[in-house]
Amino acid sequence: MVPRIFVNIAAYRDRDCGNTIRDLFDKARRPDRVQVGLVWQHRSPDDDDSHPVPVRHRQCRVIAVPAERSDGVCWARHRAQSLWRGEEFVLQIDSHMRFVAGWDEKLLAMLQSCPSPRPVLSHYPSAFTPPDRIDSHVVSVIYAAGFDEDGMVKLSSIGYDPGSIAAVPLPTPFCAGGFLFGGSDWIREVPYDPYLYFIGEEISVAVRLYTHGWDLFTPTDVLLYHDYNDRPDRPRHWHDRPDWTSLNARSIARVRHLLGIEANQDPEVLREIERFGLGRRRTLSQYEQFAGIDFGKGTIRRV
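Residues numbered from 1 in each chain as written. Predicted model: local features only at pLDDT ≥ 70, side-chain atom pairs only at ≥ 80, totals over all residues. Heavy atoms only, no water.

Q: How should I be thinking about the overall build of the chain in this particular structure?
A: Within the chain, the secondary structure is distributed over 8 helices and 16 strands. On C-alpha atoms alone, the chain measures out to a radius of gyration of 18 Å, which is about the 19 Å that the 2.2 N^0.38 rule sets for 303 residues. Taking the principal axes of the C-alpha coordinates as reference, the chain spans close to 50 × 45 × 35 Å. Counting all 303 residues of the chain, 57% fall into the buried class. Counted over contacts in the chain with a minimum sequence separation of 6, partners at least 24 positions apart contribute 77%. In the structure as shown, the chain presents an accessible area of about 13,400 Å², 50% of it carried by carbon and sulfur atoms. Both charge centroids of the chain, one from 38 positive and one from 41 negative side chains, sit 4 Å from each other. (Helix = DSSP H or I, 4+ residues; strand = E, 2+ residues; numbered from the N terminus. Rg over C-alpha atoms; globule rule 2.2 N^0.38 Å. Buried < 20%, exposed > 50% of the residue type's maximum accessible area, 1.4 Å probe, protein only. Contact = heavy atoms within 4.5 Å. Areas by Shrake-Rupley, 256 points an atom, 1.4 Å probe, with all protein chains shown as cover. Lys, Arg positive; Asp, Glu negative; His and termini not counted. Charge placed at Lys NZ, Arg CZ, Asp CG, Glu CD.)

Quick look at the structure:
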């Protein structure tokens, strides 16, 4: 049996989404094994001429949502996970990406080479500019760069030539929301938290995966590219949502509670916190030791 890959995509008014889906099928070694789950957040009439699924419609499951009803990227990623139908592997990406040839087989082989029974591959993909200009071809290694004024960890990365990277994926305490790949049990055990907004998304996912017993690894080669440019034809959720600051404040309070920075009693902040909370296989303290972070003190120890 050919292992199947479910590709989870949250797209917010992104005209490049169709190109992303076309490229992922075109570049796959076995496109028949790929199923896409897309949450298409759109605004009429501005986006009526966008075609987010230009090919292989039977292999794409779509939830179309008016943009004004969207609560942000984490909410949309959570909805996209609901389109999973038992595929053995899950890849979470953004809606403005490109792929290398044979990405599906390369990802599966790379995951198998991880020295863990419960691995998840993740990092910030290399950069490209639409339609297809490759701007960098480096393997990024994520690190904690500091804390912001709300006590949220700021993540950054260093890019390395693929030839200088170890042949076996190396453990990392961090992840990128735009590239997460692992066996499908990770989305069943650690479902995306729909009550987060944007800030704190990646550190909370990393801590939750770790405490649920999953091991994060940095890929050993470039497999995907990401458009990091600000484009007028790709508005952000906060450009359209006047109350985004309240959503963001509630989300930050939730992450601070989750990471033990500041306990919170607000029932709106803590909605379904047990379902989207930490696991029991490892402790928050063990994660802090592994990552060299003290969330409460706001300090980072280089490891």
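Q: Sorry, what's going on with the side chain of Arg256 here?
A: Here Arg256 lies in helix 7 (residues 244–258). Dropping the residues within four chain positions of it, Arg256 is found in contact with Asp150, Gly151, Met152, Ile261 and Glu262.

Q: What's the story with the sheet that holds strand 1 (residues 5–12) in this structure? I'm lost.
A: Here 8 strands make up an open sheet; going across it, the order is 3-2-1-4-12-6-13-11 and the pairing mixed. Whereas interior strands pair on both sides, the edge strands pair on one side only; in this sheet they are strand 3 (60–66) and strand 11 (170–171). Inspection of the sheet shows strand 2 (residues 34–42) paired to strand 3 by 7 bridges, in the parallel sense. The residue of strand 3 that forms the bridge with Leu38 is Val62. Where helix 2 (residues 73–81) meets the sheet, its contacts fall on strand 1, strand 2, strand 3 and strand 4 (89–93), and the angle it forms with strand 1 comes to roughly 145°. (Pairing = 2+ DSSP bridges. Axes fitted to C-alpha atoms, helices over the stretch in contact; angles between N-to-C directions.)

Q: Any chance you could explain the pairing of strand 6 (residues 119–122) here in plain terms?
A: Regular strands show a simple pattern: their side chains alternate between the two faces of the sheet. Every second residue of strand 6 is oriented toward a common face, with Pro119 and Leu121 on one face and Val120 and Ser122 on the other, all of them buried. The pairing of strand 6 with strand 13 (residues 215–218) spans 3 bridges and is parallel. Across the sheet, the residue bridging to Leu121 is Phe217, located in strand 13.

Q: Could you clarify how one ought to interpret a nonpolar patch on the surface in this entry?
A: Taken together, Tyr143, Ile158 and Tyr160 make up a surface patch of nonpolar side chains, about 250 Å² in accessible area. Tracing the sequence through the fold places Tyr143 in strand 9 (residues 139–147). Classification of Tyr143 by relative accessible area gives partly exposed; the value is 30%. (Patch = residues over 30% accessible without salt bridge, like charges linked within 9 Å, V, L, I, M, F, W, Y side chains within 5 Å. Salt bridge = Lys/Arg side-chain N within 4 Å of Asp/Glu carboxyl O.)

Q: Where do I start with the environment of Leu180 in this structure?
A: Inspection of the secondary structure puts Leu180 in strand 12 (residues 179–183). It is 18 Å that separates the C-alpha atoms of Leu180 and Lys27, two residues lying 153 residues apart in sequence. Beyond its immediate chain neighbours, meaning those up to four positions away, Leu180 contacts Val90, Leu91, Gln92, Val120, Leu121, Ser122, Cys175, Trp186, Tyr192, Val205, Leu209 and Leu216.

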